[in-house]
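Descriptive analysis of the structure
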Amino acid sequence: MSLEERVLARIDREVLTRLTEDLVRAGSENPGGTEEAAVQVFAAALRDAGAEVTIDPVEPGRPNLRAHVGADGGEGGILFLGHSDVVPAGTGWTGDPFVPRRDGDDLIGRGTTDMKGGLAAIAVALAAVHAEAREVPITVLCTVDEEADARGIRHHIASAPQTRHALCVVAEPTSMTTITGCRGAANFAVELRGHSAHAGRPSDGASAILAAADLIAVIEEDHARLVTQPHPVLGAPTWNIGTIEGGHGTSIVADRCTLTIDRRTLPDEDPESILALVLEETRERIQRSGRPGVDLIEVIGTVEMTMPGFTIDPASPVVRQIQAAVVDAGGSGATDIWTASCEGGFICRHHAIDAVVLGPGDLPGQAHQPDERVSISELVRAARAYALLALRTPAANSARFEVAAAKEQS
């Protein structure tokens, strides 16, 4: 029996399912809770597999996790990236969202798809590889707060050494399609400040809500412009105004208005520069409006969250290697790009490596929804693919590993 066959034989469907269930039971809603219980479950599974695990507090009750097995002292091989938080369960469930239940081949519970199933597949793959080939380097990073403000990954970038790895695999749900690129994301908060007055004589005031209409117009115009200039792989950047709130009453000229705005970005775009340009164009548009009190209007904006995008050539040797591993694990080997965003871009920048997104679960069909579920068979395919990738990466095929593997087989 070959090394790969021995490793794959160690991937147990029931062990993988039970670990996913344990992670779901741990909760970790964000906002509304902490990730600590889920991280403890994940850490225990990795330690049982022989990994060296480091718990790195980001905030009270919110720790990042780093783990490593194999040679090279925390470097080399694949860096698997995941997150421990899940979105709040919300309403509409047919059972307790944090009491996992099985429905045929499906496992139901908050986080089964996004992304407790992916974490479990990483741990089971690592255990299988390390049991048969102890020299193979595998690194795991699990962050907190991915679903909100990316505090975990930003803490990692600020504090972690720039270790070397062959590739980053982000285990977000992709239905086991290899995602070779995704746009980044930036969240902006823009506040417009005006001057209140009685509605019977609005010319005495300066309406922040009318000024917000100018901001919206600037964003609409820029969105239309961006659509005509798409990136050749990732498509066009997009704008979305998520919330708007302002004013104090129907008979009062609004002295404030606040908007939260989403901008999907390309890898070479700078969110601070994007926001500065929009604020400048908004101020100019307000002045041109000729409305009463335009000189009293202030426009203030902040970047609340940023997540960089990334791409890798889908025809590159590393992507072909990933496709082959997925096919050998029972998947299709398909590739695509993503309309969502993830933390892989941070890793690309910090560690100067390529990244792909590859994981079990249907993001648009199941993530963030009532009765979220994942196929157990797909969890198994993910664990098998991760194990094969770990064995086949350049770092794993070093001369030192070849000698060690030969000794094990003799």
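Note that this is a predicted model, so its numbers are computed, not measured.

**Observations regarding the overall build of the protein**
Helix and strand counts for the protein come out as twelve helices and 16 strands. For the protein, whose C-alpha radius of gyration is 24 Å, the value lies close to the compact-globule estimate of 22 Å for 410 residues. By its C-alpha atoms, the protein is 90 × 45 × 35 Å across when sized along the principal axes. By residue count, 53% of the 410 residues in the protein fall in the buried class. Sequence separation of at least 24 residues holds for 80% of the intrachain contacts in the protein that already meet a minimum separation of 6. For the protein, the accessible area works out to roughly 16,800 Å², and carbon and sulfur atoms hold 50% of it. In the protein, 35 side chains carry a positive charge and 58 a negative one; their mean positions are 2 Å apart.

**A short note on the environment of F188**
With respect to the element layout, F188 can be found in strand β9 (residues 184-193). As for F188 and P137, which are separated by 51 residues in sequence, their C-alpha atoms are 39 Å apart. If we ignore the near neighbours within four places in the chain, the residues touching F188 are W239, L259, T260, I261, R263, P271, I274, L275, T302 and V303.

**Remarks on the packing of helix α5 (residues 151-159) against helix α9 (residues 344-351)**
The interhelical angle for the contact between α5 and α9, taken along N-to-C directions, is 0 degrees, at an axis separation of 10 Å. Overall, the two elements α5 and α9 adopt an arrangement that is roughly parallel. Counting all contacts with α5, which are made through I153, R154, H156 and I157, the residues of α9 involved are F346, I347, H350 and H351. In terms of residue class, the contact of α5 with α9 is made up of four nonpolar, three polar and one charged.

**Focus: the sheet that holds strand β5 (residues 106-108)**
Strand order in the open sheet formed by three strands is β4-β5-β16, and the pairing between neighbours is antiparallel. Single-partner strands in this sheet number two, and they are β4 (101-103) and β16 (373-375). The average undirected angle you get between the axes of adjacent strands in this sheet is 30 degrees. Taken together, the three bridges between β4 and β5 define a ladder with antiparallel strand orientation. When the sheet's bridge partners are listed, D103 is paired in β5 with D106. Against the sheet, helix α4 (residues 112-132) engages β5 and β16, with an angle of about 45 degrees to β16. Each of β4, β5 and β16 is contacted by helix α11 (residues 376-392), which is oriented at about 60 degrees to β16, the strand it contacts most.

**Here's the deal with the packing of helix α2 (residues 13-25) against helix α3 (residues 36-48)**
Put simply, α2 and α3 touch, their axes get as near as 8 Å, and they point 155 degrees apart. On the basis of their axis angle, the class for α2 and α3 is roughly antiparallel. Both α2 and α3 take part in a crossing whose hand is right-handed. Contacts between α2 and α3 pair L19, D22 and L23 from the former with A38, V41, F42 and A45 from the latter. The class makeup of the residues in the contact of α2 with α3 is six nonpolar, no polar and one charged.

**Looking at the side chain of S207**
Within the secondary structure layout, S207 lies in the loop between β9 and α6 (208-227). Ignoring anything within four residues of it in the chain, the contact list for S207 reads V253, A254 and I297.

**A short note on the pattern of salt bridges**
Within this structure, the stated rule accounts for 31 salt bridges. Here D56 ties to R66 by a salt bridge, and the two come within 3.3 Å at their closest N and O atoms. Within this pair, whereas D56 is found in strand β1 (residues 52-59), its partner R66 is found in strand β2 (residues 62-69), the two being separated by ten residues in sequence. The partner of D145 in a salt bridge is R62, and the shortest N-O contact between them spans 3.3 Å. In this pair, D145 is assigned in the loop between β6 (138-143) and α5 and R62 in strand β2, connecting sequence segments 83 residues apart. Assigned by exposure class, D145 and R62 land together as buried. Through salt bridges that share partners, E35, E59, R62, D145, D149 and R151 make up one connected network.

**Some words on the packing of aromatic side chains**
Per the counting criterion, the structure on display carries two aromatic pairs. Look at F80 and Y386: their rings are 5.0 Å apart centre to centre, the planes differ by 55 degrees, and that puts the pair in the tilted class. Of the two residues, F80 sits in strand β3 (residues 78-83) while Y386 sits in helix α11, which places them 306 residues apart along the sequence. Classification of F80 by relative accessible area gives buried; the value is 3%. Arranged with centres 5.9 Å apart and planes meeting at 50 degrees, the rings of F188 and W239 form a pair that is tilted. Taken together, the residues span a long stretch of sequence, with F188 in strand β9 and W239 in strand β10 (residues 238-246) at a distance of 51 residues. The class for F188 is buried, based on a relative accessible area of 1%.

What counts and how
- Residues numbered from 1 in each chain as written.
- Predicted model: local features only at pLDDT ≥ 70, side-chain atom pairs only at ≥ 80, totals over all residues.
- Heavy atoms only, no water.
- Helix = DSSP H or I, 4+ residues; strand = E, 2+ residues; numbered from the N terminus.
- Rg over C-alpha atoms; globule rule 2.2 N^0.38 Å.
- Buried < 20%, exposed > 50% of the residue type's maximum accessible area, 1.4 Å probe, protein only.
- Contact = heavy atoms within 4.5 Å.
- Areas by Shrake-Rupley, 256 points an atom, 1.4 Å probe, with all protein chains shown as cover.
- Lys, Arg positive; Asp, Glu negative; His and termini not counted.
- Charge placed at Lys NZ, Arg CZ, Asp CG, Glu CD.
- Axes fitted to C-alpha atoms, helices over the stretch in contact; angles between N-to-C directions.
- Parallel < 35°, antiparallel > 145°, perpendicular 65-115°, else oblique.
- Nonpolar A, V, L, I, M, F, W, Y, C, P; charged D, E, K, R; others polar.
- Pairing = 2+ DSSP bridges.
- Left-handed = near helix turned anticlockwise from the far one by under 90°.
- Salt bridge = Lys/Arg side-chain N within 4 Å of Asp/Glu carboxyl O.
- Phe/Tyr/Trp six-rings, centres within 6.5 Å; stacked < 30°, edge-to-face > 60°.

Function cannot be inferred from these measures alone, as they are strictly geometric.
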